[in-house]
Amino acid sequence: LYRRYRLWFRLRKLVLWLLGVYIAIPFLVKLCPGIQAKLVFLNFVRVPYFIDLKRPQDQGLNHTCNYYLQPEEDVTIGVWHTVPAALWKNARGKDQLWFEEALGSSHPVILYLHGNAGTRGGDHRVELYKVLSSLGYHVVTFDYRGWGDSIGSPSERGMTYDALHVFDWIKARSGDNPVYIWGHSLGTGVATNLVRRLCERETPPDALILESPFTNIREEARSHPFSIYRYFPGFDWFFLDPITTSGIKFANDENVKYISCSLLILHAEDDPVVPFHLGKKLYNIAATSRSFRDYKVQFVPFHTDLGYRHKYIYRSPELPRILR
């Protein structure tokens, strides 16, 4: 009986301690909105950990060059440029100047904007670059300020400005070649911010591709399957308001109302990170928007049985046909 009593006492103490932590975390987040911002960006999570971003060839990208660009003073971003597979042999041993000039070759360009966590060298991202390169695209991707080996502090404004800088850098070198923008997950928020700005200045891209998009960051946070606090009293006040206070909106649902270029949305039904219904909802908003009345808007779902989840749509054998 004594042993049972001691075990029960310890168990009760542990439960009370866990309950106390569970209740304290919302107040901590409310008092320190920066915590919530870090959880949105996850830029401190670098996976894989031990890769040299200066050497994309270590990831099997032998036709890729690493650059560094400077969007603003005290901000430097790391960029990878993968040329089309048809230029693979010519690219061997070439310097940055050759790669920059290659953007003017008769191949379309995709500016890829990755999601939160990890770097431009993430495994699923590298596999997508390879697929797009094999289809004849230049692929230019980069780490936002504060990600990977890029210097600066992350913010929605800063991420969008970095993307704008890289887009302008591409356009200055690509001539009349089509330039498409591809955003994935959190990168869809950067992509719609960017394209809305480009459309407002009357320099839209040739198309926008959104992979696993959400409507806005508040709805994504509320719907995120890993949110253990979604039913916590005052969830919006404790968790969602601090995100807005930090200047983070990523309002895809608002941005698409001001975008005038072709739009393709890709979403897997079994996506465990960004629920499928958010991508479908965004499509419905875009499809009825007056800004798209002269442009094609397409939504391509991928059935649960395919197992593409949040980041494996690149495996689809239908992707070449879809992009064409």
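Residues numbered from 1 in each chain as written. Predicted model: local features only at pLDDT ≥ 70, side-chain atom pairs only at ≥ 80, totals over all residues. Heavy atoms only, no water.

Trainee: Got a minute to help me understand the pattern of salt bridges in this structure?
Mentor: Side chains that differ in sign of charge can pair as their charged atoms come close. Per the stated rule, a full pass over the model turns up 13 salt bridges. Between D58 and R55 there is a salt bridge, with the nearest N and O atoms lying 3.1 Å from each other. The exposure class assigned to D58 is partly exposed, which follows from its relative accessible area of 44%. Several salt bridges share partner residues, and in doing so they unite E72, R145, R157 and D162 into one network. (Salt bridge = Lys/Arg side-chain N within 4 Å of Asp/Glu carboxyl O. Buried < 20%, exposed > 50% of the residue type's maximum accessible area, 1.4 Å probe, protein only.)

Trainee: Help me out: how do you make sense of the sheet that holds strand β4 (residues 138–142) in this one?
Mentor: Reading across from one edge, β1-β2-β4-β3-β5-β6-β7-β8 is the order of the 8 strands in this open sheet, with mixed pairing throughout. At either end of the open sheet lies a strand with only one pairing partner, and these are β1 (64–72) and β8 (297–302). Averaged over all adjacent pairs, the angle separating strand axes in this sheet is 20°, with direction ignored. Of the strand pairs in this sheet, strand β2 (residues 75–82) and β4 are connected by 4 bridges, and their pairing is antiparallel. Along β4, the bridge assignment pairs T82 with V139. Here helix α7 (residues 186–200) sits on the sheet and contacts β3 (109–113), β5 (179–184) and β6 (207–211); the angle it forms with β5, its principal contact strand, is near 145°. (Pairing = 2+ DSSP bridges. Helix = DSSP H or I, 4+ residues; strand = E, 2+ residues; numbered from the N terminus. Axes fitted to C-alpha atoms, helices over the stretch in contact; angles between N-to-C directions. Contact = heavy atoms within 4.5 Å.)

Trainee: Is there a simple way to explain the environment of Y129 in this structure?
Mentor: Residue position: Y129 is located in helix α5 (residues 123–134). Taking the C-alpha atoms as reference points, Y129 and H81, separated by 48 residues in sequence, lie 9.5 Å from one another. In this structure, Y129 is in contact with L61, W80, T82, Y112, R120, V139 and T141, ignoring residues within four places of it in sequence. At 2.8 Å, the side chain of Y129 and the backbone oxygen of R120 are in polar contact. (Polar contact = N/O pair within 3.5 Å; in protein donor to acceptor, adjacent residues only side chain to side chain.)

Trainee: Which parts of the structure should I look at to understand a nonpolar patch on the surface?
Mentor: Together, W8, L11, L14, V15, W17 and L18 make up a nonpolar patch on the protein surface, roughly 660 Å² of accessible area in all. Along the chain, the position of W17 falls in helix α1 (residues 2–31). (Patch = residues over 30% accessible without salt bridge, like charges linked within 9 Å, V, L, I, M, F, W, Y side chains within 5 Å. Areas by Shrake-Rupley, 256 points an atom, 1.4 Å probe, with all protein chains shown as cover.)

Trainee: Teacher, can you tell me more about the state of the cysteines here?
Mentor: Taken as a whole and judged by the stated rule, the model has 0 disulfides. In this structure C261 is not part of a disulfide, and its nearest cysteine sulfur, from C199, lies 5.2 Å away. Residue class for C261 comes out buried when judged on its relative accessible area of 2%. (Disulfide = S-S within 2.5 Å.)

Trainee: How should the packing of aromatic side chains be read in this particular structure?
Mentor: Geometry of an aromatic ring pair is reported as the spacing of the ring centres plus the angle between the planes. Throughout the structure, instances matching the rule amount to 13 aromatic pairs. When the centroid spacing of 5.1 Å and the interplanar angle of 80° are considered together, the rings of W98 and F99 count as edge-to-face. The class of F99 is buried, set by a relative accessible area of 2%. Connected via pairs of aromatic rings, a cluster forms that spans F41, F142, Y144 and W147. Note that R196 overlies the ring of Y258, its terminal NZ or CZ placed 4.0 Å from the centroid. Looking at R315, its charged tip hangs above the ring of Y312, at a distance of 4.1 Å from the centre. (Phe/Tyr/Trp six-rings, centres within 6.5 Å; stacked < 30°, edge-to-face > 60°. Lys NZ or Arg CZ within 6 Å of the ring centre and 35° of its normal.)

Trainee: Explanation requested: the environment of Y295 in the structure shown.
Mentor: Within the secondary structure, Y295 is located in the loop between α11 (276–287) and β8. In this structure Y295 comes out as partly exposed when scored by relative accessible area, which is 38%. It is 7.7 Å that separates the C-alpha atoms of Y295 and L263, two residues lying 32 residues apart in sequence. For Y295, the residues in contact, after removing those within four places along its chain, are S260, C261 and S262.

Trainee: I would appreciate a short explanation of the packing of helix α6 (residues 156–174) against α7 in the present structure.
Mentor: Any two packed helices are characterised by the angle at which their axes cross and by the distance between the axes. Taken N-terminus to C-terminus, the directions of α6 and α7 make an angle of 60°; their axes are 9 Å apart at the nearest point. Overall, the two elements α6 and α7 adopt an arrangement that is oblique. Every pair of crossing elements has a handedness; the one defined by α6 and α7 is right-handed. Facing E156, M159, T160, Y161, A163, L164 and F167 of α6, the residues of α7 in contact are L186, V190, N193, L194, R197 and L198. Tallied by class, the residues present in the contact of α6 with α7 amount to 9 nonpolar, 2 polar and 2 charged. (Parallel < 35°, antiparallel > 145°, perpendicular 65-115°, else oblique. Left-handed = near helix turned anticlockwise from the far one by under 90°. Nonpolar A, V, L, I, M, F, W, Y, C, P; charged D, E, K, R; others polar.)

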